[in-house]
Amino acid sequence: IMHGIGFWNTCALSFSLSLCRFSRYSVSPFSVLSRCGIKHPKPLPFFGNMFMFRQGFFEPLNDLIRTHGRVCGYYLGRRPVVVVADPDMLRQVMVKEFSTFPNRMTIRFSTKPMTDCLLLLRDERWKRVRSILTPSFSAAKMKEVKYNPILQNPSCHCICPCLSVLVQMVPLINTATDALMNNLNAYAESGEAFDIHRCFGCFTMDVIASVAFGTQVDSQNNPDDPFVHHAQKFFSFNFFRPIFLLFIAFPFIMAPLAGFIPNKRRDEMNNFFISCIQKIIKQRDEQPPEQRRRDFLQLMLDVRSSKECVSLEHFDVVNHADELDHTHQQTHQSASEQDNDYHQPQVSHTKHPQKRMMTEDEIVGQAFIFLLAGYETSSNTLAFTCYLLAIHPDCQSKVQEEVDHFFTRHESPDYTNVQELKYLDMVIAEALRLYPPGFRFARSIDHDCVVNGQFLPKGATLEIPASFLHYDPEYWPEPEKFIPERFTPEAKANRHPFAYLPFGAGPRSCVGMRLAQLEMKMALVRLFRRFNVVTCSETKIPLELKSSSTLGPKNGIFVKITRRDLGEDQGNPTTR
Ligand code: HEM
């Protein structure tokens, strides 16, 4: 009998101990933020505050900052997140003290090829890959280019080593724009309302497949293309699926199981892209160099035998630091660099040149991230810009005036001449202010540190809420209004540069910014030359937004388009 009682006592004791541990586990990380004096909403056991974001992050994040202040926080599952909406502090984090915050947040359960991509790479590996990619995305070699007839010929994709890769992208983008113009022309003829966001989605998919993967997909005419089909799978990811909630609540239990839990969709998608890119790499290696198509994939393959080196301070696309001559980095420092005053990490490329190598896995990883980062962001921006111009016909007329004038000087758009479109540039900038697709991004806090007097705890994520800053009345009078003149050079010079972050800032800023601007301007200049975009009864004003990953329109953007009466050359919509 005594033995029996002992047994039950032991059972009861271990049960209550487990219960104690379990309940401690459920709330254990939730004191981190308040210990640092960072205000946050009350978290739920296991899940923290993640259910606040069930409908997306855009509005709830803005509400959070309005309620709890410019430095506040929340718990995404068990992970503490510090939200910083203070431009001075952001300047410290993203630029001045970059070496303390070189990484984004870690995504524990990601798989290849995602794990090898620039977005998620960390520390020295990120630096090596970014230094390889920076010259190709940059404008540094642009000055050598005036007009090259070869580049105007879409069928020629030969290697022109003196030119920046971006310049060589022009014919590829033009081919995709031809298909876009044909599609739009059909809508103009039918006179029906249509979803212009969908059209741009196909256009940017064609561009990115072509420039990053060396693949001609023509999703504009063939939406069932397997490439398009698999890419869309990625964007239908649901954060609130039960299995994902388990990962959030029990990361330590789920981590070792992650590799064994079947995920057919993810595996199918990953395998499709991995084998697709591997096949192209094999084909390229078998081709004689002069027949190889000139795109980012080829650039990365060429890098296997190149020696050029680019250092950290040149990574900053937003501050134009990448435009400096990379080879004279030690002697020629720009004002912006001196301003930025990057704290160099211990290992600098200049002093200890690294091997410029990329493994095949890394090449696949980059091609994959170009697709993910370049597809939705650019198509959303194009669609938002057209929506804003449709509801502001006076601004649309100004764009058309500028575009008409442009075509009196140029046959077709290219990298150099689109820089002349100053008003269009302001319109796109204002569209990105109101609707920034990358409206929140992050840095990981790898060590306990203090920034502008605020203690930041190791292991937390620092979140940058670009969307809140873009509507801050302190920097943007009447923030809800569409006013492109906010982006004249004078207005920009008088504003805090960290109040506007559509492409991020510092060495970790968007590497694809120039490619995105190039493709968007090339599409819009031809679109507004030929067409007017007008609202119709199907146009949702104000727009409904979705914001669970990028910021995009919830149910498309429905408009009508009409042909402009230009007198000449109406028969062929793809010219110009
Ligand atoms: C309108 C279009 C685009 C927008 C609004 C946008 C926005 C952003 C933002 C906000 C970031 C984070 C910056 C930071 O953390 O400071 C980012 C990073 C990145 N973007 Fe873009 N992006 C666009 C187009 C593209 C394109 C076309 C590509 C590729 C071809 C691209 C590739 C990347 C990559 C690889 C990163 C990570 C860079 C790194 O960690 O070093 N983006 N982008």
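Residues numbered from 1 in each chain as written. Predicted model: local features only at pLDDT ≥ 70, side-chain atom pairs only at ≥ 80, totals over all residues.

Q: Report on the overall build of the protein chain, specifying residues and quantitative values.
A: On a plain count of helices and strands, the protein chain comes out with 19 helices and eleven strands. Counting only residues that meet the buried cut, the protein chain has 41% of its 576 residues in that class. Partitioning the intrachain contacts of the protein chain with sequence separation of at least 6 by distance along the chain shows that 74% fall at a separation of at least 24. (Helix = DSSP H or I, 4+ residues; strand = E, 2+ residues; numbered from the N terminus. Buried ≥ 20, exposed ≤ 12 C-beta atoms within 10 Å, placed from the backbone. Contact = placed C-beta atoms within 7 Å.)

Q: Pulling in residues and values, what's your account of the site of the ligand?
A: Close contacts around the ligand come from 24 residues, with Gly 374, Gly 438, Gly 504, Cys 510 and Gly 512 the closest. If you list the elements that add at least two residues to the shell around the ligand, you get helix H14 (360-391) and helix H19 (513-530). The greatest single-element share of the shell around the ligand, amounting to seven residues, is contributed by H14. In the shell around the ligand, the residues fall into 14 nonpolar, eight polar and two charged. (Near = placed C-beta within 6 Å. Nonpolar A, V, L, I, M, F, W, Y, C, P; charged D, E, K, R; others polar.)

Q: Can you tell me about the sheet that holds strand S11 (residues 558-563), naming the residues and giving the values?
A: Taken in spatial order, the three strands make up an open sheet running S3-S11-S8, and their pairing is antiparallel. For this open sheet the edge positions go to strand S3 (194-195) and strand S8 (531-534), each flanked by a neighbour on one side alone. In terms of strand pairing, S3 meets S11 through two bridges, oriented antiparallel. Residue pairing in the sheet places Phe 194 in a bridge with Val 559 of S11. Of the strands in this sheet, S3, S8 and S11 are in contact with helix H6 (residues 165-190), which crosses S11 at around 90°. (Pairing = 2+ DSSP bridges. Axes fitted to C-alpha atoms, helices over the stretch in contact; angles between N-to-C directions.)

Q: An account of helix H7 (residues 196-213) is requested, with residue identities and associated values reported.
A: When the terminal C-alpha atoms of H7 are compared, their 25 Å separation across 18 residues agrees well with the 26 Å that a helix rising 1.5 Å per residue should span. Within H7, 17 of the 18 residues are buried, leaving the element largely enclosed by the surrounding structure. Backbone geometry just downstream of H7 places Gly 214 in the positive-phi region, at approximately 65°. (Expected span 1.5 Å × (residues − 1).)

Q: Before we move on, can you summarise the packing of H6 against H7 with the specific residues and values?
A: For the pair H6 and H7, interaxial distance at closest approach is 9 Å and the crossing angle is 155°. With respect to H7, the element H6 is oriented roughly antiparallel. With respect to the hand of their crossing, H6 and H7 are arranged in right-handed fashion. On H7, the residues touching Met 169, Leu 172, Ile 173, Ala 176, Ala 179, Leu 180, Asn 183 and Leu 184 of H6 are Cys 199, Phe 203, Asp 206, Val 207, Ser 210 and Val 211. Its residues assigned to classes, the contact of H6 with H7 shows eleven nonpolar, two polar and one charged. (Parallel < 35°, antiparallel > 145°, perpendicular 65-115°, else oblique. Left-handed = near helix turned anticlockwise from the far one by under 90°.)

Q: Can you tell me about the nonpolar core, naming the residues and giving the values?
A: Ranked by internal contacts, the top residues of the largest apolar core, which has 135 residues, are Val 82, Val 84, Met 169, Ile 208, Ala 212, Ala 367 and Cys 386. Of all the elements, H14 adds the most residues to this core, at 17 residues. Excluding its chain neighbours within four sequence positions, the residues that come into contact with Met 169 are Val 211, Leu 515 and Leu 518. (Core = buried A, V, L, I, M, F, W, Y, C linked by C-beta atoms within 7 Å.)

Q: Describe the sheet that holds strand S1 (residues 71-76), listing the residues and the values that go with them.
A: If you walk across this open sheet you meet the four strands as S1-S2-S7-S4, and the pairing is mixed. Each edge of the open sheet carries a strand with a single partner, namely S1 and strand S4 (441-444). Averaged over all adjacent pairs, the angle separating strand axes in this sheet is 30°, with direction ignored. Pairing between S1 and strand S2 (residues 79-84): six bridges, direction antiparallel. From the neighbouring strand, Leu 76 faces S2, where its bridge partner is Arg 79. Its contacts with the sheet place helix H3 (residues 58-68) against S1 and S2, and it is angled at close to 130° to S1. Helix H4 (residues 87-96) rests against S2, S4 and strand S7 (461-464) of the sheet, and its axis sits at about 120° to S2.

Q: Let's hear about the environment of Ser 99: which residues, and what values?
A: Relative to the assigned elements, Ser 99 resides in the loop between H4 and helix H5 (123-137). What makes Ser 99 partly exposed here is the crowd of 13 C-beta atoms within 10 Å. Distance from Ser 99 to Pro 507, taken between C-alpha atoms, is 9.9 Å for residues 408 residues apart in sequence.

Q: Could you give me a rundown of the pairing of S4, with the residues and numbers involved?
A: What you see with S4 is a clean split: Phe 441 and Arg 443 sit on the buried side and Ala 442 and Ser 444 on the side with no burial. With four bridges connecting them, S4 and S7 associate as antiparallel partners. The residue bridging Ser 444 from the neighbouring strand is Thr 461, located in S7.

Q: Tell me about the packing of H14 against helix H16 (residues 422-434), and name the residues and values.
A: The relative placement of two packed helices comes down to the angle between their axes together with the axis-to-axis distance. Put simply, H14 and H16 touch, their axes get as near as 9 Å, and they point 105° apart. Taken together, the axis directions place H14 and H16 in an arrangement best described as roughly perpendicular. Each of Thr 381, Phe 384, Thr 385, Leu 388 and Leu 389 in H14 lies in contact with H16, whose residues at this interface are Val 427, Ile 428, Ala 431 and Leu 432. Here the residues of the contact of H14 with H16 are counted per class, giving seven nonpolar, two polar and no charged.

Q: Outline H4, supporting the account with residue identities and numerical values.
A: Listed in full, the buried residues belonging to H4 are Leu 90, Val 93, Met 94 and Val 95. Here the buried residues of H4 occupy an arc of 160° about the axis, which is enough to place them on one side. (Arc of directions from axis to C-beta.)

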